[in-house]
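Each chain, letter by letter, is given below.
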Amino acid sequence: MSSARLPTCLLILNMIPTLYIVATPIGNLDDITFRAIQTLKNADVILAEDTRHSKRLLNHYDIKTNLRAFHEHNETQKTQAIVSELLEGKNMALISDAGTPLISDPGYVLVREAKKAGILVSPIPGASAMISAMSVAGIASDQFGFFGFFPTKKTARIKAIQTVSHIDQTAIFYESPKRILACAHDLLSVLGDERIVCFAKELTKSFETIKTDTLPNLINYLEADQTHQKGEFVVLISSVDRDDKIEGEVQLDKILPILLAEMGASKAAKLAAKITGIDKKYCYQRALDIQG
């Protein structure tokens with residue numbers, strides 16, 4: 001840490017301003033560490049994504065610390081003022097509505113600028129919906145990629161699914177209750193009816209549900225009862241079967257030369273991607289390789 005940027009009084013008192021990134025419960029209020037509670041009690045300010053939502057947690061643990069709103073709509077505007085306060089000696093804690101901050105939540109800009117200013121940024125680990133879901137999904141967890149929220153528009157969402165459809169690791173993303181059924185149908189259109197997928201919702205809450213199955217069965221579950229579509233979802237897509245991947249690439253190598261004889265590389269790759277289900281960028285690069 002660059003001490004040159006810290007006020008002299010802080011150096012004399014050996015007080016290092018710190019921004020704490022504090023994980024909070026994703027549902028059950030008991031899923032918080034002793035260290036997180038003490039950090040929130042001892043901080044000068046708590047920065048919360050939604051102050052009304054966070055008040056419930058703070059009241060539950062009798063935390064009286066000053067609470068301020070800090071969310072995606074004001075993060076850029078407020079970051080420099082917060083950094084200035086930290087440099088003046090205040091200790092602050094950043095929390096999101098649930099789980100670990102910065103995981104599809106605001107905070108990146110603040111953490112980046114705080115570190116640039118020589119401010120200590122310290123994690124207070126705890127709950128994470130993504131990690132919790134992965135631990136119980138029954139899908140390989142040795143390698144995985146997290147993709148946040150998929151796009152809301154159908155065309156963009158299908159492209160995003162196509163991008164992850166052939167990776168050699170579990171793909172994890174979040175989805176809202178409003179879009180989960182449409183998303184499930186899009187997953188089916190790209191991944192087919194044999195890929196194993198997990199839908200985990202309402203984690204640590206009374207109606208916690210973890211369903212790991214093929215997409216036709218998961219869609220049947222969602223459509224069987226409207227309440228099955230309620231709650232925030234974590235979706236995990238199992239990695240592509242190695243034999244299926246090899247078969248797809250063999251098919252790609254057969255059709256690309258034929259397509260390239262009739263059209264340019266870009267159009268050929270786009271059509272090959274539709275036929276094989278392989279990512280268009282990968283098909284395009286293979287087309288360029290074939291062209292020499």
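Residues numbered from 1 in each chain as written. Predicted model: local features only at pLDDT ≥ 70, side-chain atom pairs only at ≥ 80, totals over all residues. Heavy atoms only, no water.

Colleague: Just to check I follow, could you spell out the overall build of the protein chain for this structure?
Modeller: Within the protein chain, the regular secondary structure consists of twelve helices and ten strands. Each principal axis of the C-alpha atoms in the protein chain carries an extent, and together these give about 75 × 50 × 30 Å. Within the protein chain, the proportion of its 292 residues that are buried is 45%. Across the protein chain, the fraction of contacts at a sequence separation of at least 24, relative to all contacts at a separation of at least 6, is 69%. For the protein chain, the computed accessible surface area is about 15,500 Å², with 52% contributed by carbon and sulfur atoms. The centroid of the 33 positive side-chain charges in the protein chain is displaced by 7 Å from the centroid of its 34 negative side-chain charges. (Helix = DSSP H or I, 4+ residues; strand = E, 2+ residues; numbered from the N terminus. Buried < 20%, exposed > 50% of the residue type's maximum accessible area, 1.4 Å probe, protein only. Contact = heavy atoms within 4.5 Å. Areas by Shrake-Rupley, 256 points an atom, 1.4 Å probe, with all protein chains shown as cover. Lys, Arg positive; Asp, Glu negative; His and termini not counted. Charge placed at Lys NZ, Arg CZ, Asp CG, Glu CD.)

Colleague: I'm lost on the confidence of the model for the protein chain in this one. Help?
Modeller: Segments scoring low in pLDDT should not have their predicted coordinates read at a detailed level. In this model, the protein chain carries a mean pLDDT of 89, and residues with pLDDT of at least 70 account for 92%. Within the model, the stretch residues 6-14 combines pLDDT values under 50 with twelve contacts to residues more than four positions away or in other chains. (pLDDT = per-residue confidence, 0-100.)

Colleague: Looking at this model, I keep getting lost on unusual backbone geometry. Mind explaining?
Modeller: Across residues other than glycine, the phi torsion is negative in most instances, and most of the peptide bonds are trans. Even without being glycine, Leu102 reaches a positive phi, approximately 80 degrees. With respect to the element layout, Leu102 can be found in the loop between strand S4 (92-95) and helix H5 (108-116). According to the relative accessible area criterion, Leu102 is partly exposed, its value standing at 30%.

Colleague: I would appreciate a short explanation of the pairing of strand S6 (residues 144-149) in the present structure.
Modeller: Along a regular strand, successive side chains alternate from one face of the sheet to the other. One ladder, built from four bridges, connects S6 with strand S7 (residues 170-175); its direction is parallel. Pairing of Phe149 across the sheet is with Tyr174, part of S7. Taken together, S6, helix H7 (residues 154-164) and S7 form a β-α-β motif whose crossover is right-handed. (Pairing = 2+ DSSP bridges. Right-handed = clockwise from strand over helix to strand, strands pointing away.)

Colleague: Quick question: what am I supposed to make of helix H2 (residues 34-42) here?
Modeller: Side chains of residues three or four places apart in an α-helix project in the same direction, reflecting 3.6 residues per turn. Every buried residue belonging to H2 is among Ala36, Ile37, Thr39 and Leu40, and all of these are buried. Taken around the axis of H2, the buried residues stretch over an arc of 165 degrees, which confines them to a single face. Turned more than 90 degrees away from the buried face of H2 sit Phe34 and Asn42, all of them exposed. Buried residues along H2 sit in contact with strand S1 (18-22), strand S2 (45-48), helix H3 (51-60), S4 and strand S5 (120-124). (Arc of directions from axis to C-beta.)

Colleague: Sorry if this is basic, but what is going on with the sheet that holds S6 here?
Modeller: Hydrogen bonds along the backbone pair up the strands of a sheet, which may run parallel or antiparallel. What the five strands build is an open sheet, ordered S6-S7-S10-S8-S9; its pairing is mixed. On the outer flanks of this sheet lie S6 and strand S9 (209-214), each paired with one strand and no other. This sheet shows a mean twist of 15 degrees between the axes of neighbouring strands, independent of strand direction. Strands in contact with helix H6 (residues 129-136) are S6, S7, strand S8 (196-201), S9 and strand S10 (233-237); relative to S10, the strand with the most contacts, it is inclined by about 50 degrees. (Axes fitted to C-alpha atoms, helices over the stretch in contact; angles between N-to-C directions.)

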